[in-house]
Amino acid sequence: MHRPDWDEYFLGIAKLVSKRSTCLRRQVGAVIVKERHILATGYNGTPSGIVHCEVTGCLREKLKVPSGERHELCRGLHGEQNALLQAAYHGISVKDSILYATTQPCIICAKMLINAGIREVVITSWYPDKMAKEFLDEAGITLRIIDKKRNRKGE
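Note that the structure is a prediction, hence the values are computed from the model and not measured.

Definitions and cut-offs
- Residues numbered from 1 in each chain as written.
- Predicted model: local features only at pLDDT ≥ 70, side-chain atom pairs only at ≥ 80, totals over all residues.
- Heavy atoms only, no water.
- Helix = DSSP H or I, 4+ residues; strand = E, 2+ residues; numbered from the N terminus.
- Rg over C-alpha atoms; globule rule 2.2 N^0.38 Å.
- Buried < 20%, exposed > 50% of the residue type's maximum accessible area, 1.4 Å probe, protein only.
- Contact = heavy atoms within 4.5 Å.
- Lys, Arg positive; Asp, Glu negative; His and termini not counted.
- Charge placed at Lys NZ, Arg CZ, Asp CG, Glu CD.
- Salt bridge = Lys/Arg side-chain N within 4 Å of Asp/Glu carboxyl O.
- Core = buried A, V, L, I, M, F, W, Y, C linked by side-chain atoms within 4.5 Å.

**Section: the overall build of the chain**
Tallying secondary structure elements over the chain gives six helices and six strands in all. Shown N-terminal to C-terminal, the secondary structure of the chain runs as helices and strands in the order α-β-β-α-α-α-β-α-β-α-β-β. Taking 15 Å as the expected radius of gyration for a compact globule of 155 residues, we find that the chain reaches 15 Å, a close match to that expectation. Summarising its shape, the C-alpha atoms of the chain cover approximately 40 × 40 × 35 Å along the three principal directions. Expressed as a percentage of its 155 residues, the buried residues of the chain come to 41%. The long-range fraction of contacts in the chain, counting pairs at least 24 apart against all pairs at least 6 apart in sequence, stands at 53%. Here the chain holds 24 positive side-chain charges and 17 negative ones, and the gap between their average locations is 5 Å.

Structure below.
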């Protein structure tokens, strides 16, 4: 029997959370963890009470917007944003916590994570947003990718 280490465990939960996504282009899950306890989760999708993209269609797709660009045209919030908002909604501080996510944060999410006090981000795949990585680096936030296919840790 294989018992997952903590990174595998929380990334597995992030993957499960991503299955709730209503995004037509990419399903992203995020889990905020402190001292090995889950503080909040989030997935990408429209705000509560707003019609899902599966009904309205995806404007970014219609306009052929490349991945990583023009986030303001999206009806939804990112998984990282929803996790931060859930923590705030319930009065939970995320200072000095770790974000586990299925994809590298975009620049908008990176800026939010920096100001929320997240100290580390652990992901399973890259996202085409070089500026986000540069901001996380400059802010001193560790960004680690876990390559689950090869069962190894990389950079």
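**Details of the side chain of Glu80**
Among the secondary structure elements, Glu80 is positioned in helix H4 (residues 79-89). An unpaired buried charge is present at Glu80: no salt bridge exists, and Arg26, the closest side chain of opposite charge, is 9.0 Å distant. When residues no more than four places from it in sequence are discounted, the contact partners of Glu80 are Val28, Ala30, Leu99, Thr103, Gln104, Pro105 and Cys109.

**Here's the deal with the nonpolar core**
Counting residues in hydrophobic clusters, the biggest one holds 20 residues, and the most contacted among them are Ile32, Val94, Leu99, Leu113, Ile118, Val121 and Ile123. Mapped by element, the contributors of at least two residues to this core are strand E1 (29-34), H4, strand E3 (98-101), helix H5 (107-116), strand E4 (120-123), helix H6 (130-138) and strand E5 (142-147). Apart from residues no more than four positions distant in its own chain, Leu99 is found in contact with Ala30, Val31, Ile32, Glu80, Pro105, Leu113, Ile118, Glu120, Val121 and Val122. Formed by 11 residues, the second largest nonpolar core is a distinct cluster that contains Ile13, Val31, Val33 and Ile146.

**A look at the environment of Phe10**
Tracing the sequence through the fold places Phe10 in helix H1 (residues 6-18). For the pair Phe10 and Glu72, spaced 62 residues apart in sequence, the C-alpha separation works out to 29 Å. Here Phe10 is in contact with Val31, Val33, Arg36, Ile38 and Tyr100, once residues within four sequence places are set aside.

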